[in-house]
Amino acid sequence: MVCPTTASSAKRVSPDASSPSALRLARLSKRYPAGDRALSDVSLSVPPGQVLGLIGPSGAGKSTLIRCINRLVEPTSGQVFLGPARPGSPAPDEIELTALGRRGLRRARRRIGMIFQEYALVERLTVMENVLSGRLGYVPFWRSWLRRFPPADIANAYRLLDRVGLAEHADKRADALSGGQRQRVGIARALAQEPDLLLVDEPTASLDPKTSRQIMRLLREVCLEAGRADDTRRGSGPGSGRGLAAIVNIHDVALAQQFMMRIVGLRAGRIVYDGPPEGLSPEVLTQIYGEEDWGPATEDAGHSGGAPERHPAGATQHHPGPEPPTDQSMAGAL
Ligand SMILES: Nc1ncnc2c1ncn2[C@@H]1O[C@H](COP(=O)(O)OP(=O)(O)OP(=O)(O)O)[C@@H](O)[C@H]1O
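This is a predicted model, so every value here is computed, not measured.

How should the site of the ligand be read in this particular structure?
As a matter of local geometry, the ligand sits amid 13 residues, with Ser58, Gly59, Lys62, Thr64 and His251 nearest to it. Between the ligand and the protein, one listed contact pairs an oxygen atom with a backbone N or O atom of Gly59 at 2.8 Å. Lys62 places a polar side-chain atom, nitrogen or oxygen, 2.8 Å from an oxygen atom of the ligand. Considered on its own, the ligand offers 630 Å² of accessible surface; in the complex 63% of this is hidden by protein. When residues of the shell around the ligand are assigned to their parent elements, the largest contribution, three residues, is made by helix H2 (residues 62-69). Residue composition of the shell around the ligand, by class: four nonpolar, six polar and three charged.

Before we go on, may I ask you to explain the sheet that holds strand S2 (residues 37-46) in this structure?
Backbone hydrogen bonds hold the strands of a sheet together, and the pairing may be parallel or antiparallel. Strand order in the open sheet made by the four strands is S2-S1-S4-S5, with antiparallel pairing throughout. Where the open sheet ends on each side, the last strands, each with one partner, are S2 and strand S5 (95-96). Alignment of strand S1 (residues 23-31) against strand S4 (residues 77-82), held across five bridges, turns out to be antiparallel. When the bridges of S4 are listed, Ser29 appears paired with Ser77. Across the sheet, H2 lies against S1, S2 and S4, angled at about 120 degrees from S1, the strand it touches most.

Sorry, what's going on with the packing of aromatic side chains here?
By convention here, two paired aromatic rings are described through the distance between centres and the angle between planes. Taken as a whole and assessed by the stated rule, the structure comprises zero aromatic pairs. The ring of Phe81 has Arg24 sitting right over it, with the charged end atom 4.1 Å from the ring centre.

Would you mind showing me how to read the sheet that holds strand S9 (residues 262-267) here?
Pairing in this open sheet of six strands is mixed, and the strands run S6-S7-S8-S3-S9-S10 from one edge to the other. Two strands close off the open sheet at either side, each with one partner strand: strand S6 (112-115) and strand S10 (270-275). Sheet twist, expressed as the average angle between the axes of neighbouring strands with direction ignored, equals 20 degrees. Here four bridges tie strand S3 (residues 51-55) to S9, and the two strands are oriented parallel to one another. Counterpart to Leu54 in the pairing with S9 is Val264. Sheet strands in contact with helix H7 (residues 179-192) are S6 and strand S7 (197-201), and its direction is about 175 degrees off that of S6. Packed on one face of the sheet, helix H10 (residues 282-289) meets S3, S9 and S10 and runs near 40 degrees to S9.

Is there a simple way to think about the confidence of the model for the protein chain in this case?
Confidence in the prediction for the protein chain averages 79 pLDDT; 73% of positions are at 70 or higher. pLDDT under 50 marks residues 1-17. Its contacts with residues more than four places away, or in other chains, come to 29 contacts.

Which parts of the structure should I look at to understand unusual backbone geometry?
Working note: non-glycine residues mostly have negative phi, and peptide bonds are mostly trans. We note that Arg27 has phi near 50 degrees; this positive angle belongs to a residue other than glycine. For Arg27, a relative accessible area of 53% puts it in the exposed group. The phi dihedral of Arg71 falls on the positive side, at around 60 degrees, and the residue is not glycine. If you trace the backbone, Arg71 turns up in the loop between H2 and S4.

Before we go on, may I ask you to explain the nonpolar core in this structure?
Generally speaking, a soluble globular protein has its nonpolar side chains buried in company with each other. Counting 54 residues, the largest nonpolar core has Ile55, Leu161, Leu198 and Leu280 as the members making the most contacts within it. Here this core gets eight residues from one element, more than from any other, and that element is helix H8 (residues 209-234). In contact with Ile55, other than residues within four places in its own chain, are Lys62, Ile250, Val253, Ala256, Ile263, Val264, Gly265, Leu266, Leu280, Ile288 and Tyr289. Ala22, Val42, Leu82 and Leu266 belong to the second-largest nonpolar core, a separate cluster that totals 30 residues.

Any chance you could explain H7 here in plain terms?
Since there are 3.6 residues in each turn of an α-helix, residues three or four apart along the chain are aligned in direction. In a regular helix each residue adds 1.5 Å, so 14 residues correspond to 20 Å; H7 covers 20 Å between its end C-alpha atoms and thus fits that length. Of all 14 residues making up H7, 12 are buried, and the element is well covered by its neighbours. Turning to H7, its buried residues number three or more, namely Gly180, Arg182, Gln183, Arg184, Val185, Gly186, Ile187, Ala188, Arg189, Ala190, Leu191 and Ala192.

Cut-offs used in this document
- Each chain has its residues counted from 1, following the order in which its sequence is written.
- Since the coordinates come from a predicted model, pLDDT governs what is reported: local features require at least 70, and pairs of side-chain atoms require 80 or more to be given and counted, while whole-chain, interface and lining totals use all residues.
- Excluded from the side-chain calculations are hydrogens and water; all other atoms, namely the structure's heavy atoms, are used.
- Think of it this way: one heavy atom of a residue within 4 Å of a molecule or strand is enough to make that residue near it.
- Any pair of nitrogen or oxygen atoms within 3.5 Å is treated as a polar contact; in protein, a donor-acceptor pairing is required on top of that, and neighbouring residues in sequence qualify only through side-chain atoms on both sides.
- Note on areas: Shrake-Rupley, 1.4 Å probe, and residue coverage restricted to the protein chains presented here.
- What counts as a helix is a DSSP run of H or I of at least four residues, what counts as a strand is a run of E of at least two, and both are numbered from the N terminus.
- Classes in brief: Ala, Val, Leu, Ile, Met, Phe, Trp, Tyr, Cys and Pro nonpolar; Asp, Glu, Lys and Arg charged; the others, Gly included, polar.
- Any two strands with at least two DSSP bridges between them are considered paired.
- Between two residues, a contact is recorded if the distance between any of their heavy atoms is within 4.5 Å.
- Axis definition: a line fitted to C-alpha atoms, over the contacting stretch in the case of helices. Angles run 0 to 180 degrees between N-to-C directions.
- Note on ring pairs: Phe, Tyr and Trp rings are taken, using the six-membered ring of Trp, and paired if centres are within 6.5 Å. Classes follow the plane angle, with under 30 degrees stacked, over 60 edge-to-face and the rest tilted.
- Only when the NZ atom of a Lys or the CZ atom of an Arg is both within 6 Å of the ring centre and within 35 degrees of the ring normal do we say a charge sits over the ring.
- pLDDT runs from 0 to 100 and stands for how confident the predictor is about each residue.
- Only protein chains enter the calculation, and the probe is 1.4 Å; a residue is then buried if its accessible area is under 20% of its type maximum, exposed if over 50%, and partly exposed in between.
- What makes a nonpolar core is a set of buried Ala, Val, Leu, Ile, Met, Phe, Trp, Tyr and Cys residues whose side-chain atoms join them at distances within 4.5 Å.
- Expected helix span is taken as 1.5 Å per residue step, with the number of steps being one fewer than the number of residues.

So this is what it looks like as structure tokens:
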């Protein structure tokens, strides 16, 4: 039996009550028409600039949670609040997404970038056109239909492509790219929206281990960079600004531990862990995933070569050494 109180006794990584959240969920629940209860009373607050990893076994409700936030899936009950906009954006103070009508929701969704496992690019369009499609919510229909985006959007798209390492591929068709390159386009497209929140659904599920690490590192870096840009815009000191928050649905616990600032573990639609990555002890992993020997694999008599360690998603766990989580703004976000 999972015990939320035990799990929450781990050090919590919650925002200061006085600081505004980038995202706030209040008792969010979802029951699908077929009767499956996918989420039960999920309450969560994500501060600006925080990159949060959502982990849990298959069917725990991770995708449902991500999709309830921007109402691609309608929650059955509970509330979703999107925090005040980052500096330089004209958006209003905290808004309740769950109270919005169609038009209001369409406007609010501009502020939420989505990054998908399967990239969701338009294959026959160029890399640049795919990135510019992130601006579709902002430009008049005729401009997008004629593919006449404002020069500032085009300049920004080039800057973003340069940032994600694809400057030389701008004119290539999306279907000519590798999986890792496609995901970089997906990240650049989401950033072109100038979002306040990124929802990221299994971004590395189709990628090899090295590319997965590169993508996770890039995600984390762009969120931190957004915070620094906000600080500069506000003329404030490092770490005091807002920055881009992200919720990343991720199966790979080792990757989550290395690149996420905070981990939320879901089991059967409920939060059973909310704390720092280093709090994912074997006991906590058992609370999240169930019984398993989470310690290193032991060698049996016939195998002296050292069996690879397994993580809960079943893939090999790598130990490439600690990532350098030293950024001040990250400390601020925690
Ligand atoms: N469209 C749907 N209709 C009915 N039930 C659904 C639907 N989508 C998901 N569910 C159910 O909701 C629960 C949570 O599913 P969800 O896909 O959110 O879990 P998950 O943690 O993302 O799983 P996975 O890691 O395998 O993707 C499961 O019991 C699933 O069967």
